[in-house]
Amino acid sequence: MISREQRTPFSEWWWTVDRVLLAALIALMLAGVILSLAASPPVATRIGLDPFHFFNRHVLFLAPSLIVLIGVSFLSPRQIRRTALVIFALAIVLIVVTLLFGPEVKGSRRWITLLGINIQASEIAKPSFVILAAWLFSEAARRPEMPATSMALVLLLTLVSLLVAEPDFGQTMLVLMVWGALFFIAGMRIVWVFGLAGAAAGGLFTAYLFVPHVAGRIKRFMNPASGDTFQVDMASEAFSNGSWFGLGPGEGIAKRSLPDSHTDFVFAVAAEEFGIVLCLALLALFTFIVLRTMSRAYKSDDLFSRFAASGLAILFGVQAAINMSVNLQLIPAKGMTLPFISYGGSSMVSLAYGVGMMLALTRQRPQTEVSAIEAAGSYA
């Protein structure tokens, strides 16, 4: 037993962290292990690898992800801001290096190999970007004379420009949506929100006109007969085959021919083998994590903690919603992973970093500590 009277860093963390939220996140990770075992062997076999290649790597990345999640949850808001600044700068450098030297895959440069590990720098950039944007918006609310909103806009344009250059329009739309949500939460005028939404719509239309890859996906979504819709058709068939309670573990059919069954379409594999009931349970778990984080965030008196935790929860929830919507053919294919469920080392570690900060920012700190955080906010 851990006593409340103990004054060790671990005991203070244990009695202030949201243990229910932590349990929900660990449950999601465990679900990812089970679904990786169900979805990945056929993909590995098809490309000549050991059947458990992707599963073993998924479990291998789970250990550092848990270490990152727990370690980051010990940080103070001030340490989170400083760490995010360093990680964002590093991620920007890695994205530039990827654009210059990374291999081109399907018309995009998104990955670079360092020390034998494939790294997608845009995944690393997302959570740190949210922290910096939240910091700037909180400073804009605290000190109106500071051009913090303009700085947040420059930050957005910098990241979006690099993502478009890759190109990675799925991540671009995700970043824009989260930044717009933070902009709205920070109390900016609604006319600016509509203006930004219009600018995003204009950017999407421009991409449709001048980027064949984007145009092809939108056309296939609007008119399936206009191109290859094999993956989304197989995903829809998987939901139909699974019905409410599924065909049973290992009995899925779609995963035998789906090239991305272990990444983009793992949700469809879950539906076919374990049924729509499991999909609804996963949806409820994602919803709980987002709402729980935002509920605790809005109880915080520190503006930065409130904005940052809310932004990270929105990033987490929107990414999950995009993946599930693609599987259900509600939106065009985006190539977005399902948090902690899909295979992907960079994605898992960056998600662990993000939810670790969520846990840190929603810890129940004494009022004296909150006052100290606000007093130090200008110098962090």
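Everything discussed here concerns the structure shown above.
All of these numbers come straight from a predicted model, not from anything done at the bench.

**Topic: the pattern of salt bridges**
Per the stated rule, a full pass over the model turns up seven salt bridges. One salt bridge in this structure joins Arg142 and Glu139, with 2.5 Å as the shortest N-O distance. Taken together, the positions of Arg142 and Glu139, both in helix α5 (residues 121-142) and three residues apart, correspond to about one turn of that helix. The residue Glu273 makes a salt bridge to Lys255 at a minimum N-O spacing of 2.5 Å. Of this pair, Glu273 sits in helix α11 (residues 266-297) while Lys255 sits in the loop between α10 (230-242) and α11, and the two are 18 residues apart along the sequence. Assessed through its relative accessible area of 2%, Glu273 is described here as buried. Residue Lys255 is classed as buried on the basis of its relative accessible area of 7%. A cluster of three or more residues bridged by salt bridges with shared partners is formed by Asp18, Arg292 and Arg296.

**Observations concerning the packing of aromatic side chains**
This model, assessed by the stated rule, comprises 10 aromatic pairs. Residues Trp13 and Trp14 carry aromatic rings whose centres are separated by 6.2 Å and whose planes lie at 45° to one another, so their mutual orientation is tilted. The exposure class of Trp14 is partly exposed, given its relative accessible area of 28%. Judged by centre distance (6.3 Å) and plane angle (50°), the ring pair of Phe316 and Phe340 falls under tilted. With Phe316 in helix α12 (residues 303-327) and Phe340 in the loop between α12 and α13 (345-361), the pair connects residues that are 24 residues apart, well separated along the chain. Each member of the pair, Phe316 as well as Phe340, carries the same accessibility label: buried. An aromatic cluster of three or more residues is present, and its members are Trp13, Trp14 and Phe74. Sitting above the plane of the Trp14 ring, Arg19 keeps its charged end 5.1 Å from the centroid. Its guanidinium or amino end placed over the ring of Phe304, Arg81 lies 4.7 Å from that ring's centre, counting from NZ or CZ.

Calculation rules
- Residues numbered from 1 in each chain as written.
- Predicted model: local features only at pLDDT ≥ 70, side-chain atom pairs only at ≥ 80, totals over all residues.
- Heavy atoms only, no water.
- Salt bridge = Lys/Arg side-chain N within 4 Å of Asp/Glu carboxyl O.
- Helix = DSSP H or I, 4+ residues; strand = E, 2+ residues; numbered from the N terminus.
- Buried < 20%, exposed > 50% of the residue type's maximum accessible area, 1.4 Å probe, protein only.
- Phe/Tyr/Trp six-rings, centres within 6.5 Å; stacked < 30°, edge-to-face > 60°.
- Lys NZ or Arg CZ within 6 Å of the ring centre and 35° of its normal.

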